[in-house]
Structure formats: C-alpha cells, structure tokens
Amino acid sequence: MRFSTNVSALKPSATLAITARARKMRSEGRSIIDLSAGEPSFATPEVAAEGSAAAVRAGRTGYPPTPGFPELREGVTRYLVETSAHAPEDPAGVLVSAGVKQALFNLCFSLFGEGDEVLVPAPFWTSYLAIVELARATPVVVPTDFDEGFALTVDGLESMRTDSTRGLFLNSPSNPSGAVMDQDTLESICAWAGEHGIWILSDEIYRRLHYDGTPAPSVFDVEDRPEHVVAMDGMSKAFSMPGWRIGWAVGPPALIKKASDLQSQTTSAAAGPSQFAAAAVLASEGREKVIADFRAILDRRRRSAHAELQGIDGLEVPLPPGAIYLYGRIDGGAADVDSAEVAEALLQETGVACVPGEAFGTPGFLRLNFSVEDEILAQGAELLRDWFSQR
Ligand code: PMP
Ligand code: GLU
C-alpha cells in the first residue's frame, strides 16, 4: 500500500510496540514478565473516579472547550503555583490535551517546520524524534555521557547549535536514564536558550517522581527565564492515570492559543470525563499524599531492583535519581553491542520484555520499567541476572 510522504518515514512507538508484542505472546500462552512500557501499576486514585462520575451524572458531557474546561486549566495553574517557585498564574497559558504526547505534537507542529533544527539530548524518550519529524523539522541529537550520569551541559548544547536551531527538549527526570538536572544547570541552559532565541520544551512528566522527595527542579523554578519556555506534565505517571489521557502544556498564551487552534482541527479537546477526573485529583486534599505514597513504593522497587541487578557480568545498572526506569549498559559500552538483538533474545529465551537503547538514541543499553508489582519485578530481575550470567 502506498502512503503519503507525511508518514513515509514514520515508525510506530518502540515502547508501545514492544508492549503490544509482549501482550500478544502472553495471549498465546507464553509466560511474560513485562518491563517494557512505563506504566505505574497503581489503581487510579478514588477521587478521580468520583470527580468523573459526578460530572457525567450532572450531564456535563458536551464538547469541552478546546483548550480544556476552566476547572482543569485553573487546577493546573494552582498546582503549578503550589509546587514551583515562579509558575505563571494565568490559566490562559494552559492547554489541556490527550496526554503529554499530544501536547508535544501540538507544540512542535505550531513552532517548528521545514529547515528548523530541534536539539534532542540523548538518551531521549522515543517519541521526540518522530514528533519533530512529523512537523518536518530536523531533530539534532545532543550526546551525553553515561560516566557523567548523562548530565547535559551548555557546552554540549552549544557544540550542536547552528543558525537554524529553534528548539530544545528537556526531560528531567529523564526517560530512559532517570537523570535529574540541578537548578544551576537548568538556569544556565535557560539563559543560553534565551540568548539564542531557542524555545525550551520542558517535559516534566516525571518531575514528582524524584526520589529525594522534593519535586525535581522545573523551568518554573527559574525566576529569570526567557519568554520562550513551555513546560508539560500530566496525569499518566505521578497519578498513575495513563489510560485517562490527560496532559497539559503551560507557556506563553499566544503559543497556547495557536496550539489550541491546531487541537480544534484534530481532536477538538481532551475527553471531558477525563478532564473532570484530573481536576478532582489536582484539587483534592489528598493529592500530595497520593504522590508521596506512590513515590515511596516506587522508591522501594527502584532500590530492590537496582540491588538485585548489581555485580552482573555484562550489565552495569546505576541507581536512577528519578523516573521509573533502570537504564543498564551492556558490555561496558562496547561499540559492537546490538541491544535490539539482546532484548529480542532476552524476550524469546526468558519471557522478560524490556526496551533496547536503540529506541532512545543510545544503542548498547536496556531499559527496564521498575514500576511494576514487586513480585513481577523480582522475577524479572532474577531471570535477567541468570540470563546474563549464562550469556
Ligand atoms: N514524555 C515522556 C518522557 C514519557 O515517558 C511519556 C510516556 N508516558 C510521555 C511524555 C507521554 O505521556 P502521556 O501522553 O501519557 O501524558
Ligand atoms: N512513556 C512510556 C514509555 O516510555 C509509555 C509508552 C509511551 O507512551 O511511549 O514507556
């Protein structure tokens, strides 16, 4: 079948594709330990179900306003003001979308196009490249170093900047590495981007999953930031609500308006009942406790899986300061490692599904989602250890 040039180079999301494959193998009777897609194992907070059901019973089931119901736009604004030092206070700067993924697409499509370059620090979340390419812009990968904890520096960014550089993705805590950017670095990157008129798209979806207990620094903690800054977050991770498909982008109202106009021509709005669920969670008294409880369990899983995976020949697994993944380096970073092959063999021979580093722009790594139930995690870690020891 012949498809348009819009999608001729498009590949499906590697993370979702591996999960779909693992599910299919399971349905065929294989025993599968799925450590692939990052989906916390927790049930949706009760208050979400109540908020959503109450709105539906009250008949609030018409088309939502394209950028989101006022309750949620205001709720997001309050949440940001309560959890960061210098958040914008105007709900007109909030766009609610069907997940951070759609927010990112709306922003990239609104800001970048043919001839524009967008800096993407590696390792990066798998969809960034595809989204930039769908906007016909060019992603430019900025390498970082495993031995430096994948720290991003202004020097590293500057070395990849050209006159065509229009944007930069930040993702702290990072998927897949879990690396967290400190406030000083964030400030210096904001200053550098401001100087060169580069848009910062800060994907802060794991911000609350920072295991020292405080939210990881946000671009909204930087007082003296340039105007060209957008931050994104949503309900999928810290609130364990990925299926509700709610995310948001917060930035200059003129950009948010354009991205909303784009959304009005695609999905119209994020699903109304999901928006009411999200608004109820954000406004609830128990909000911070929900996050703290999830984070405490995730921290336990992070530490136990990390401990279990130490001392393995051929796999180095650092303890990640944030997010929900262990990112292990295979064979000390040897250039000839084919991690896609390793992940495939692991899946076929042990039933453990994880995502190879190729998906994140750093071949030679394996990403393991540690936010699964303790028992599954323990089984997965044991199978992985045994497999590597016999490899
Ligand atoms: N950004 C990052 C870094 C992610 O890991 C994910 C996957 N959940 C997303 C964005 C998209 O999240 P969602 O669309 O579920 O809000
Ligand atoms: N973001 C998660 C992951 O990286 C979920 C899957 C996806 O949206 O790609 O596994």
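Structure's up top.
Figured I'd write up the structure that's included with this text. Since the structure is predicted, the reported quantities are computational estimates derived from the model, not experimental observations. Counting restarts for each chain, with residues numbered from 1 along the sequence as it is written. The lettering of chains begins at A and the numbering of ligands begins at 1, in the order of writing. Local features are withheld for residues below a pLDDT of 70 in this predicted model, meaning they are given only at 70 or higher, and side-chain atom pairs are given and counted only at 80 or more; totals for whole chains, interfaces and linings count all residues. Heavy atoms throughout the structure, all of them, feed into the side-chain values; hydrogens and water do not.

Focus: the pattern of salt bridges
Phase 1: One speaks of a salt bridge when a side-chain nitrogen belonging to Lys or Arg is within 4 Å of a carboxyl oxygen belonging to Asp or Glu. Counted according to the given criterion, the structure contains 21 salt bridges.
Phase 2: Among the ionic pairs, R207 bridges to D221, the shortest N-O distance being 3.3 Å. Of this pair, R207 sits in the loop between β6 (199–203) and β7 (229–234) while D221 sits in the loop between β6 and β7, placing them 14 residues apart in sequence. An identical accessibility class is assigned to R207 and D221; each is buried.
Phase 3: Across the salt bridge formed by K257 and D261, the nearest N and O atoms sit 3.0 Å from each other. Of the two residues, K257 and D261 both sit in helix α8 (residues 253–264), four residues apart, roughly one turn of that helix.
Phase 4: When salt bridges that share partners are traced, they join E82, R208, R287 and E288 into one network. The secondary structure listing takes helices from DSSP runs of H or I that are at least 4 residues long and strands from runs of E that are at least 2 residues long, numbered from the N terminus. Partly exposed describes any residue whose relative accessible area lies between the buried limit of under 20% and the exposed limit of over 50%, with all areas from a 1.4 Å probe on protein chains only and scaled to the type maximum.

Looking at the sheet that holds strand β13 (residues 365–369)
Phase 1: Strands were regarded as paired on the criterion that DSSP finds at least two bridges between them. The strand order β9-β10-β13-β12 describes an open sheet built from four strands, whose pairing is antiparallel. The open sheet has two edge strands with one neighbour each: β9 (315–316) and β12 (355–356).
Phase 2: Pairing between β9 and strand β10 (residues 325–330): two bridges, direction antiparallel. Along β10, the bridge assignment pairs L315 with I330.
Phase 3: Docked against the sheet, helix α11 (residues 339–350) engages β10, β12 and β13, running at close to 45° with respect to β13. Note on contacts: a residue pair is in contact if any heavy atoms of the two residues lie within 4.5 Å. Lines fitted to C-alpha atoms define the axes, with helix axes restricted to the stretch in contact, and inter-axis angles between N-to-C directions lie between 0 and 180 degrees.

Here's the deal with the layout of surface pockets
Phase 1: Think of a 1 Å grid over just the protein atoms. A cavity is a set of points where a 1.4 Å probe fits yet cannot get out, a pocket is an open set with protein on both sides within 12 Å along at least five of seven lines, and lining residues have an atom within 4 Å of a point. Grid points are joined across faces, edges and corners, and a volume is the space filled by probe spheres set on the points. Computed from the structure, the largest pocket encloses a volume of approximately 640 Å³.
Phase 2: Lining of the largest pocket is provided by 26 residues; of these, L10, K11, L129, A130 and I131 occupy positions nearest its centre.
Phase 3: Broken down by secondary-structure element, the contributors of at least two residues to the lining of the largest pocket are α4 (99–111) and α5 (127–134).
Phase 4: Among the elements that line the lining of the largest pocket, the one with the most residues is α5, at six residues.
Phase 5: Any residue that is not Ala, Val, Leu, Ile, Met, Phe, Trp, Tyr, Cys, Pro, Asp, Glu, Lys or Arg is counted as polar, Gly included; the first ten are nonpolar and the last four charged. Taken together, the residues of the lining of the largest pocket break down into eleven nonpolar, ten polar and five charged.
Phase 6: The computed volume of the second largest pocket comes to approximately 540 Å³.
Phase 7: For the lining of the second largest pocket, the secondary structure elements donating two or more residues are α1 (14–27) and α4.
Phase 8: Ranked by residue count, the leading element in the lining of the second largest pocket is α1, at five residues.

Let's talk about the pairing of strand β4 (residues 138–142)
Residues in a regular strand point their side chains to alternate faces of the sheet.
Phase 1: Where strand β3 (residues 117–121) and β4 come together, five bridges link them in parallel fashion. Bridge assignment links V120 to a residue of β4, and that residue is V141.
Phase 2: Note on handedness: a crossover is taken as right-handed if, strands pointing away from the viewer, the path from the first strand over the helix to the second is clockwise. Tracing the backbone out of β3, into α5 and back to the parallel element β4 gives a crossover that is right-handed.

These values are about where atoms sit, not about what they do.
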